[in-house]
Amino acid sequence: SQQIQFADDMQEFTKFPTKTGRRSLSRSISQSSTDSYSSAASYTDSSDDEVSPREKQQTNSKGSSNFCVKNIKQAEFGRREIEIAEQDMSALISLRKRAQGEKPLAGAKIVGCTHITAQTAVRGCLFGGPGGGHQLFHGEESSLSLWNGRRHVQDAPVPSGVAVFAWKGESEDDFWWCIDRCVNVDGWQANMILDDGGDLTHWVYKKYPSVFKKIRGIVEESVTGVHRLYQLSKAGKLCVPAMNVNDSVTKQKFDNLYCCRESILDGLKRTTDVMFGGKQVVVCGYGEVGKGCCAALKALGAIVYVTEIDPICALQACMDGFRVVKLSEVIRQVDVVITCTGNKNVVTREHLDRMKNSCIVCNMGHSNTEIDVTSLRMPELTWERVRSQVDHVIWPDGKRVVLLAEGRLLNLSCSTVPTFVLSITATTQALALIELYNAPEGRYKQDVYLLPKKMDEYVASLHLPSFDAHLTELTDDQAKYLGLNKNGPFKPNYY
């Protein structure tokens, strides 16, 4: 059978333009290790095991102890959840079957930092299984913090050869310890990085420069992580090629939009039981995440306001029927505040002081930086745990603000995310890793690249059979008229 060329000699990834004055939402590289530890939680439920996994001696069924999870005995339980996720990730499973024959990642040593869910475990098993490279993964715990029992998903990939360092209730120190354990391994050195947020890349760059220089490629899927890469590139310090998966069409137009459109309501309902009809909600940011959140809230009858810094996104919000305001203009009257910007200090202590009683505050953007939670840890304010992931912050006059997941990602902390959409993103990441790893020397320089539209379209085509969708084919005459190849790509590189 004919093999698909993952690294086509005639086609390079389109280099993303880096212009002077490019708007950057990320924090500086020097700040990234101090004001963010991604979604690592700083607390545990009373039902959590009081013994830290770092103090436990555990061995998997193969006799290996090269992992650190909450309870390896729950691996089989987690495996069943992963098998459920596989049912809605047919494209990724198809890619895995092909990888077993072609072995495109043979010899790859992948180190990754991402949320550990049943869905990302399917991706992890793809890389670690037949045809894949050995990998060490640190998982940000918030993705598994909805139920105690869900922590078993973190344990499940361990028996399949994937070394996982992750558990529910990680402290900041635990978070960085896990990352270091994945990087600093005797007799093993990573040659590929799969990152979500840039924390792993930053750690390797700062702590292990010799390792960083030998990395063959970085795949990054988040807004903030991508901006950190552009910062390194602009400063001339990015010594390896990096793939910007976040700005690929199959990430932006599907994961960011459709995933958040469904998971925002799931997270809010599970934690607060709130009814949205007639509620006033302000969504900070009208990118793809904000668009998804606004669409879902509007459909349930909420009155939605939008804040934006970008006039183009602001105009889109207006055309979609939302009023664009400054946060300070509506902060006293809204019932729910949702951040979706990827920035820091979007909701400040001043905003929090002016909120009405029982206002719900949550984050759908990046990490734990969008809401200034640190300013709430002051002696004059009282914290009251209401249920898992729900805190009442009480002011001296009795006013309560309902803070969800301590400002971390709502959908990954308090609900589940749609498996099918994550299959799209995971397939895109896998193809990006395969391309970078197999590309001939010199094709990709020390910079940040975008996926070609041909690869985006291939990922989309793998998922169409799930809907029994049948594509129309161009005739030769039509293709000539449009100036396109009949087989694509159909979108220009700037789309």
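What you see is a predicted model, and the numbers here were worked out from it, not measured in a lab.

(A) Broad picture of the confidence of the model for the chain. In this model, the chain carries a mean pLDDT of 82, and residues with pLDDT of at least 70 account for 82%. Across residues 1-48, confidence stays below pLDDT 50; counting only partners more than four residues off in sequence or on other chains, it has 150 contacts. The model gives residues 140-159 a pLDDT under 50, and that stretch makes 97 contacts with residues more than four places away or in other chains.

(B) Structural view of helix α2 (residues 75-86). The end-to-end C-alpha distance of α2, which contains twelve residues, comes to 16 Å, matching closely the 16 Å that a straight helix rising 1.5 Å per residue would cover. Restricting attention to buried positions, one finds in α2 the residues Ala-75, Gly-78, Arg-79, Glu-81, Ile-82, Ala-85 and Glu-86. Angularly, the buried residues of α2 cover 160° about the axis, an arc narrow enough to put them on a single face.

(C) Main features of the pattern of salt bridges. Evaluated as defined, the whole model comprises 18 salt bridges. A salt bridge links Asp-335 to Lys-356; the shortest N-O distance between them is 3.0 Å. Within this pair, whereas Asp-335 is found in the loop between α13 (327-330) and β10 (336-339), its partner Lys-356 is found in the loop between α14 (349-354) and β11 (359-363), the two being separated by 21 residues in sequence. Note on Asp-335: relative accessible area 17%, which makes it buried. Judged by relative accessible area, which is 31%, Lys-356 ranks as partly exposed. Arg-377 is the salt-bridge partner of Glu-406, the closest N and O atoms lying 2.8 Å from each other. Note that Glu-406 is positioned in the loop between β14 (400-404) and α15 (410-414) and Arg-377 in the loop between β11 and β12 (382-387), a separation of 29 residues in sequence.

Definitions and cut-offs
Residues numbered from 1 in each chain as written. Predicted model: local features only at pLDDT ≥ 70, side-chain atom pairs only at ≥ 80, totals over all residues. Heavy atoms only, no water. pLDDT = per-residue confidence, 0-100. Contact = heavy atoms within 4.5 Å. Helix = DSSP H or I, 4+ residues; strand = E, 2+ residues; numbered from the N terminus. Expected span 1.5 Å × (residues − 1). Buried < 20%, exposed > 50% of the residue type's maximum accessible area, 1.4 Å probe, protein only. Arc of directions from axis to C-beta. Salt bridge = Lys/Arg side-chain N within 4 Å of Asp/Glu carboxyl O.

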